[in-house]
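For reference, the chains in residue letters:
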Amino acid sequence: MTTLHIEHAISDFDVWRTAFDRFADVRIQSGVRAARIQQPVDDARYVVIDLDFDDVDNASRFLGFLRTRVWASGASSPALVGTPHTKILRPALTGDGAAEAAQRSRRST
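So, here is what we can say about the structure in this document. Predicted model only: the values in this text are computed from it and were never measured.

## Quick look at the overall build of the chain
Here's step 1: Scanning the chain from N- to C-terminus turns up 4 helices and 4 strands.
Here's step 2: Starting at the N terminus, the α and β elements of the chain follow one another as β-α-α-β-β-α-β-α.
Here's step 3: Looking at the chain residue by residue over its 109 residues, the buried ones come to 32%.
Here's step 4: Sequence-distant contacts in the chain: of pairs separated by 6 or more residues, those separated by 24 or more amount to 68%.

## Structural notes on the sheet that holds strand β2 (residues 34-38)
Here's step 1: Strand order in the open sheet formed by 4 strands is β2-β3-β1-β4, with antiparallel pairing between adjacent strands. Bordering the open sheet on either side are β2 and β4 (80-89), each of which pairs with just one other strand. Going from strand to strand, the sheet's axes swing by 15 degrees on average, the running direction of each strand aside.
Here's step 2: The strands that helix α1 (residues 13-22) touches are β1 (2-10), β2 and β3 (46-53); relative to β3, the one it contacts most, it runs at about 20 degrees.
Here's step 3: Sheet strands touched by helix α3 (residues 56-70): β1, β3 and β4. Its angle to β1, the strand with the most contacts, is close to 25 degrees.

## Thoughts on the side chain of Arg27
Here's step 1: Relative to the helices and strands, Arg27 resides in helix α2 (residues 24-29).
Here's step 2: Comment: no salt bridge for buried Arg27; closest opposite-charge side chain is Asp21, at 4.7 Å.
Here's step 3: Setting aside chain neighbours within four positions, we find Arg27 in contact with Phe20, Asp21, Val32, Leu51 and Phe62.

About the criteria used
The numbers attached to residues start from 1 for each chain and follow its sequence in the written order. It should be noted that, the model being predicted, local features are given only for residues of pLDDT at least 70 and side-chain atom pairs only at 80 or more, the latter also being counted only at that level, while totals for whole chains, interfaces and linings use all residues. To get the side-chain values, take all heavy atoms of the structure and skip hydrogens and water. Strands are runs of DSSP state E lasting at least two residues, helices are runs of H or I lasting at least four, and both sets are numbered from the N terminus onward. Think of it in three bands: residues with accessible area under 20% of the maximum for their type are buried, residues over 50% are exposed, and the middle band is partly exposed, with areas taken using a 1.4 Å probe on protein chains only. Throughout, a residue-residue contact means that at least one pair of heavy atoms, one from each residue, lies within 4.5 Å. Here, any two strands with at least 2 DSSP bridges between them count as paired. What counts as an axis is a line fitted to C-alpha atoms, over the stretch in contact for a helix, and the angles between N-to-C directions run from 0 to 180 degrees. When charges are tallied, Lys and Arg are placed among the positive residues and Asp and Glu among the negative ones, while His and the ends of the chain are skipped. Each reported salt bridge corresponds to a side-chain nitrogen of Lys or Arg within 4 Å of a carboxyl oxygen of Asp or Glu.

So this is what it looks like as structure tokens:
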């Protein structure tokens with residue numbers, strides 16, 4: 001599983017959500033398997049989006065689409081403030097391995 005991780009400031013969550021929802025079909029057609037939207041507990045004008053893909057190629061293509069077709073247009077991204085920060089991520093540890101690493105980290109501090 002590959003994750004496209006996106007963070008950016010917004011001017012209004014409801015406006016941002018309406019724009020995000022308009023691209024639901026494109027996300028499905030582009031291979032998005034799951035989406036998680038989060039906000040910092042202390043900042044209602046910031047969103048963190050994680051989009052899961054089967055592979056890096058699909059995540060990269062979708063990031064290109066966002067950069068050229070969505071974020072480049074004020075009409076397509078009306079609540080976007082500034083430039084989004086993105087990373088394409090792959091799992092380093094999952095399941096029990098992640099729990100074990102966290103325990104080792106706590107013991108070493």
